[in-house]
Amino acid sequence: MIGADMTIDGAKEIMRRLNSMPQKVARKAVSSALRPEGKRIAKIAESKIPIDEGNLKWAGLRVLARRSRNTVGVRVVTPTRKALGIAADDKGYYPAHLELGHGNVAPRPFLRGTVAEQRETSQRNIEAALWSIIRIESNKG
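Quick caveat, the model's predicted, so the values are computed rather than measured. (Residues numbered from 1 in each chain as written. Predicted model: local features only at pLDDT ≥ 70, side-chain atom pairs only at ≥ 80, totals over all residues. Heavy atoms only, no water.)

Description of the overall build of the chain
Cut-off, in case you're wondering: Per the convention used, a helix needs a DSSP run of H or I reaching at least four residues, while a strand needs a run of E reaching at least two, with both numbered from the N terminus. Exposure classes here rest on a 1.4 Å probe applied to the protein chains alone. A residue is buried below 20% of its type maximum, exposed above 50%, and partly exposed in between. We call two residues in contact when some of their heavy atoms are within 4.5 Å. The accessible surface values rely on the Shrake-Rupley method and a 1.4 Å probe; as for residues, cover is taken only from the protein chains in view.
Across its full length, the chain holds six helices and three strands. Sequence-ordered secondary structure for the chain, helices as α and strands as β, is β-α-α-α-β-β-α-α-α. Burial statistics for the chain: of 141 residues in total, 37% are counted as buried. Taking the contacts inside the chain whose residues are at least 6 apart along the sequence as the reference set, 65% of them involve residues at least 24 apart. Put simply, the chain shows about 8,800 Å² of open surface, and 52% of that area lies on carbon and sulfur atoms.

Regarding the pattern of salt bridges
Our working rule: Within this document, salt bridges are pairs made up of a side-chain nitrogen of Lys or Arg and a carboxyl oxygen of Asp or Glu, the two lying within 4 Å of each other.
All told, the structure shown has six salt bridges when counted by the stated rule. Here the salt bridges share partners, and the residues they tie into one network are Glu13, Arg16 and Arg17.

Some points on the nonpolar core
Basically, it comes down to this: As used in this record, nonpolar core signifies buried Ala, Val, Leu, Ile, Met, Phe, Trp, Tyr and Cys residues forming a set joined through side-chain atoms within 4.5 Å.
Ranked by internal contacts, the top residues of the largest apolar core, which has 30 residues, are Leu18, Leu61, Val76, Phe110 and Leu130. It is helix H2 (residues 23–47) that provides the largest number of residues to this core, a total of eight residues.

Digging into helix H6 (residues 112–140)
Stated formally: Here, expected helix span is obtained from the residue count minus one, scaled by 1.5 Å. To obtain the bend at a residue, axes are fitted to the seven residues ending there and to the seven starting there, and the angle between these axes is taken.
With 29 residues, H6 extends 39 Å between its outermost C-alpha atoms, agreeing within 8% with the 42 Å of an ideal straight helix rising 1.5 Å per residue. A bend of about 60 degrees at Arg119 is the largest found in H6.

What about the packing of helix H1 (residues 12–20) against H6?
Basically, it comes down to this: In this description, a line fitted to the C-alpha atoms serves as the axis of each element, helices being fitted only across the stretch in contact, and the angle between N-to-C directions of two axes falls anywhere from 0 to 180 degrees. Helix crossings are classified by the rotation of the near helix relative to the far one: an anticlockwise turn of less than a right angle makes the crossing left-handed, while a clockwise turn makes it right-handed. Asp, Glu, Lys and Arg are counted as charged, while Ala, Val, Leu, Ile, Met, Phe, Trp, Tyr, Cys and Pro are counted as nonpolar; the rest, among them Gly, fall into the polar class.
Viewed as axis vectors pointing N to C, H1 and H6 meet at an angle of 35 degrees, and their least axial separation amounts to 11 Å. Of the two possible hands of crossing, H1 and H6 adopt the one that is left-handed. Of H6, the residues touching H1 (which contributes Glu13, Ile14, Arg17 and Leu18) are Glu127, Leu130, Trp131 and Ile134. Its residues assigned to classes, the contact of H1 with H6 comprises five nonpolar, no polar and three charged.

Observations concerning the side chain of Gln118
The topology assignment puts Gln118 in helix H6. Ignoring sequence-local partners within four residues, the contact set of Gln118 consists of Arg40, Ile41 and Ile44.

Here's the deal with the environment of Thr114
Position of Thr114 among the secondary structure elements: in helix H6. As a C-alpha pair, Thr114 and Ile41 span 73 residues in sequence and 7.0 Å in three-dimensional space. In contact with Thr114, not counting residues within four places along its chain, are Ile41, Ile44, Ala45 and Lys48.

Regarding the side chain of Glu99
In plain terms, the rule: Definition of a polar contact: a pair of N or O atoms within 3.5 Å, with one able to donate and the other able to accept a hydrogen when the atoms are protein atoms, and with sequence-neighbouring residues admitted only if both atoms are side-chain atoms.
As for its placement among the helices and strands, Glu99 is situated in helix H5 (residues 94–100). In this structure the side chain of Glu99 is engaged in a polar contact, spanning 3.0 Å, whose partner is the backbone nitrogen of Phe110.

Some points on the packing of H2 against H6
To keep things clear, this is the line we draw: When an angle is under 35 degrees it counts as roughly parallel; over 145 it counts as roughly antiparallel; between 65 and 115 it counts as roughly perpendicular; any other value is oblique.
Orientation of H2 relative to H6, taken along the N-to-C sense of each, is 150 degrees, at an axis distance of 9 Å. Taken together, the axes of H2 and H6 lie roughly antiparallel to each other. Taken as a pair, H2 and H6 cross one another with a handedness that is right-handed. Between H2, through Val25, Ala29, Val30, Ser32, Ala33, Leu34, Glu37, Arg40, Ile41, Ile44 and Ala45, and H6, the contact on the second element is made entirely by Thr114, Val115, Gln118, Thr121, Ser122, Asn125, Ile126, Ala129, Leu130, Ile133 and Glu137. Residues of the contact of H2 with H6, tallied by class, amount to 13 nonpolar, six polar and three charged.

Focus: the environment of Gly85
Note that Gly85 resides in the loop between helix H4 (81–84) and H5. Along the sequence, Gly85 and Ala59 sit 26 residues apart, while their C-alpha atoms lie 10.0 Å from each other.

This is how it looks when you write it as structure tokens:
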């Protein structure tokens, strides 16, 4: 699989507020803000997959929530080899070939370029969602 990650940079006040919440509540808040944005990015990236790549368009991109003790994030990834019908012994993996190019074939990026193009919009959307959740949580207690 190849994928692209989204992060928020420079949101000191948001991070301060999230750090003052119970860890479980903060993780859920971040996850619920990131997941819809990951889905939006995946939809845009899917629209950029060249039409001749039928299995990749059919299988679609996935949005995975990533959680650990200290971080929560979202990763947009391509389907597995099995989901795309690529034999286990086949050396090629065409989502990577599309994204990165190979041999004499130029790259036709659909995922990393989308994340780069949408970075500012995504940050604004995520920050707005987090502020909304922070306000709701602060009114509870």
